[in-house]
Amino acid sequence: MKKALTAVLVVLLSAGVALAKDYEVKKKAGEFDAVVTIDKNPPVTGDNNVTVQVKDASGKVVKDAKVVVDYSMPAMPGMAPMNYKTDAVAKGDVYKAVMNLSMAGPWNIVVKITAGGKSGNLKFAIDAK
Ligand SMILES: [Cu+2]
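Residues numbered from 1 in each chain as written. Predicted model: local features only at pLDDT ≥ 70, side-chain atom pairs only at ≥ 80, totals over all residues. Heavy atoms only, no water.

Colleague: What is the right way to look at the environment of A65 in this model?
Modeller: The topology assignment puts A65 in the loop between strand 3 (46-55) and strand 4 (66-73). For A65, a relative accessible area of 14% gives the class buried. Ignoring anything within four residues of it in the chain, the contact list for A65 reads Y95, I113, T114 and A115. (Helix = DSSP H or I, 4+ residues; strand = E, 2+ residues; numbered from the N terminus. Buried < 20%, exposed > 50% of the residue type's maximum accessible area, 1.4 Å probe, protein only. Contact = heavy atoms within 4.5 Å.)

Given below as structure tokens:
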């Protein structure tokens, strides 16, 4: 009985994961290949968990990079431009950061990656709900 219940739960949980697809950006950052995922899709006002995977030109995972997530909202009527920055912390093969978006609307994200004397930026824009 317990076993059957566990099996049902596992199926339900996997289905949930498959449905809730992360926001994902794959791009070059200088000589690095990076994959940035955000656990909210679309990203939301408040906390969003950001995961960055970095590979070098040969496709090898880079574990000793410095990764900074810079996020900003351009000025809008009645609002001065906003600029935030957070360090992503290495966890296993990836880097993790929490991005707190204080307002819905357009945000520009720049992920700055530095490793082995090289650096590169990955830029993309999101529309937070
Ligand atoms: Cu704004």
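Colleague: Is there a simple way to explain the sheet that holds strand 8 (residues 118-128) in this structure?
Modeller: Either a parallel or an antiparallel arrangement is found when strands of a sheet pair, and the pairing is made through backbone hydrogen bonds. Spatial ordering of the open sheet is given by 1-2-3-6-5-4-7-8, a layout of eight strands whose pairing is antiparallel. This sheet does not close on itself; its edge strands, each paired only once, are strand 1 (23-29) and strand 8. Across the sheet, the axes of successive neighbouring strands diverge by a mean angle of 20°, strand direction being ignored. Pairing of strand 4 with strand 5 (residues 82-91), which is carried by seven bridges, proceeds in the antiparallel orientation. Looking across to strand 5, one finds that D70 is bridged to K85. (Pairing = 2+ DSSP bridges. Axes fitted to C-alpha atoms, helices over the stretch in contact; angles between N-to-C directions.)

Colleague: Would you mind going over the pattern of salt bridges with me for this structure?
Modeller: Tallied over the full model, the rule gives eight salt bridges. Put simply, K40 and D39 hold a salt bridge, and the shortest N to O gap is 3.9 Å. For K40, a relative accessible area of 29% corresponds to the partly exposed category. (Salt bridge = Lys/Arg side-chain N within 4 Å of Asp/Glu carboxyl O.)

Colleague: Before we go on, may I ask you to explain the pairing of strand 6 (residues 94-101) in this structure?
Modeller: Both faces of the sheet carry side chains from a regular strand, because those side chains alternate between them. As defined by bridge partners, strand 3 adjoins strand 6 across seven bridges and the pair is classed as antiparallel. In the sheet register, V52 faces strand 6, and the bridge partner there is Y95. In this antiparallel pair of consecutive strands, strand 5 and strand 6, the connection spans two residues, and G92 shows a positive phi of 65°.

Colleague: Honestly, the coordination of the copper ion in this entry has me stumped. Any pointers?
Modeller: A metal bound by six donors in octahedral fashion has ideal angles of 90 or 180 degrees, whereas one bound by four tetrahedral donors has an ideal angle of 109.5 degrees. For the copper ion, the protein coordination sphere consists of M73 (SD), M76 (SD), M79 (SD) and M103 (SD), at 2.2 to 2.4 Å. For the copper ion, the four donor atoms are set out with angles of 88 to 124° between them, so the coordination reads as tetrahedral. For the copper ion, all donor residues lie on one chain, and their spacing in sequence is M-x2-M-x2-M-x23-M. Here M79, found in the loop between strand 4 and strand 5, pairs with M103, found in the loop between strand 6 and strand 7 (105-115); they are 24 residues apart in sequence, far enough to count as distant. We classify M79 as buried; its relative accessible area is 13%. (Donors = N, O, S within 2.8 Å, 3.2 Å for Na, K, Ca; no water. Tetrahedral: all angles 85-135°; square planar, octahedral: opposite > 155°, others 65-115°.)

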